[in-house]
Amino acid sequence: DGDYNIEDDEDDYQDLGPIQKVAFVVEGEPDFDKEEPDDGWEYVRRVKWEAARYPAVKVATISPQHSVDKRTHYVPVVPAISACDPQLLPTQDWEAKFLLTFASLRSRFEAREPSSSHRPVPHMKDDCGWKALCFGKGGGGVEDGVPVAEELEEFGAGPLLFYRGELHTLLDLDEVSRADLLQKHIRWFQGLDHLPHDRAVWLFALTAAVGKPIDAETSFALRTLLRSCAAIRASKTFKDQGELQMLNMIITVAGKYFGQ
């Protein structure tokens, strides 16, 4: 049959990439006087004729908002991190020095031996029991506090103290329980319009104690903590420099140290 040629036609197809390279080379123009093609070669002619009228690459114009509007509830909308007055942000030099100190603190914490006090603690599913232990009576007092690390004083972290009871509690917990307790504290923190001192102490202590690499749930919780602290920072004028320092420390830990 003289209607086709199995050899590559270099003039017609030399610019085609490997994906567009034709399987059959046909000659002649399609016969559109016939409603339907007589055979497969006529069909290929029509396909070739139509393909020649389209660009090799077609770029679709799709509105991102159209995709967002069609998003199902299985794909949550992730809120953006709140921007704030640049004057409230820590400097890069501050962040670098703080992260080195925080890493050193974690190393010293890991080197500590488990507490010999064996204080009774609630079951990990007992939220009420843990809230009473962390925020109720018997949770320690400022006069019973010991500095997390003397080096942190230069970062305005004077209010962030480990109470001896908290330190012993964290040392008694295993890796999984520390991560679970950190997630609890982050959930309890949601919805607050400020960062209370006792919340900051526990959040900082738990981020210093939780193991790495972190699991997916802890990673999600830290991203939530980062956004919550950033939103509080953006909503304040911060005459209270102590709260600003605590927020910047926790934001730096979640965002820079844990990469959220």
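What counts and how
- Residues numbered from 1 in each chain as written.
- Predicted model: local features only at pLDDT ≥ 70, side-chain atom pairs only at ≥ 80, totals over all residues.
- Heavy atoms only, no water.
- UniProt positions renumbered as here; feature names shortened; annotations may be inferred.
- Helix = DSSP H or I, 4+ residues; strand = E, 2+ residues; numbered from the N terminus.
- Buried < 20%, exposed > 50% of the residue type's maximum accessible area, 1.4 Å probe, protein only.
- Contact = heavy atoms within 4.5 Å.
- Areas by Shrake-Rupley, 256 points an atom, 1.4 Å probe, with all protein chains shown as cover.
- Core = buried A, V, L, I, M, F, W, Y, C linked by side-chain atoms within 4.5 Å.
- Axes fitted to C-alpha atoms, helices over the stretch in contact; angles between N-to-C directions.
- Parallel < 35°, antiparallel > 145°, perpendicular 65-115°, else oblique.
- Left-handed = near helix turned anticlockwise from the far one by under 90°.
- Nonpolar A, V, L, I, M, F, W, Y, C, P; charged D, E, K, R; others polar.

As annotated in an unreviewed UniProt entry, the chain carries the name Gem-associated protein 2 and is attributed to Selaginella moellendorffii. In UniProt, the chain has this text filed under Subcellular location (unreviewed entry): "Cytoplasm".

(A) Spotlight on the overall build of the chain. Within the chain, the secondary structure is distributed over ten helices and four strands. In the chain, the order of α-helices and β-strands from amino to carboxyl end is β-α-β-α-α-α-α-β-β-α-α-α-α-α. The buried share among the 260 residues of the chain stands at 36%. Contacts in the chain between residues at least 24 apart in sequence constitute 68% of all its contacts with a sequence separation of at least 6. About 16400 Å² of surface is accessible on the chain, with carbon and sulfur atoms providing 53% of the total.

(B) Structural context of the nonpolar core. Core analysis: the biggest nonpolar cluster contains 47 residues, and Phe102, Trp130, Leu170, Leu181, Leu195, Leu203 and Leu225 have the highest contact counts within it. Mapped by element, the contributors of at least two residues to this core are helix 4 (92-111), helix 5 (127-135), helix 6 (164-172), helix 7 (175-189), helix 8 (197-209), helix 9 (216-234) and helix 10 (241-257).

(C) Focus on the packing of helix 9 against helix 10. At a minimum axis separation of 9 Å, helix 9 and helix 10 run at an interaxial angle of 150 degrees. As the angle between them shows, helix 9 and helix 10 are arranged roughly antiparallel. Along this stretch, helix 9 crosses helix 10, giving a crossing that reads as left-handed. Residues Leu222, Leu225, Leu226, Cys229, Ala230, Ile232 and Arg233 of helix 9 form the contact with helix 10, whose participating residues are Glu243, Leu244, Leu247, Asn248, Ile250, Ile251, Ala254 and Gly255. Of the residues contributing to the contact of helix 9 with helix 10, the split by class is eleven nonpolar, two polar and two charged.

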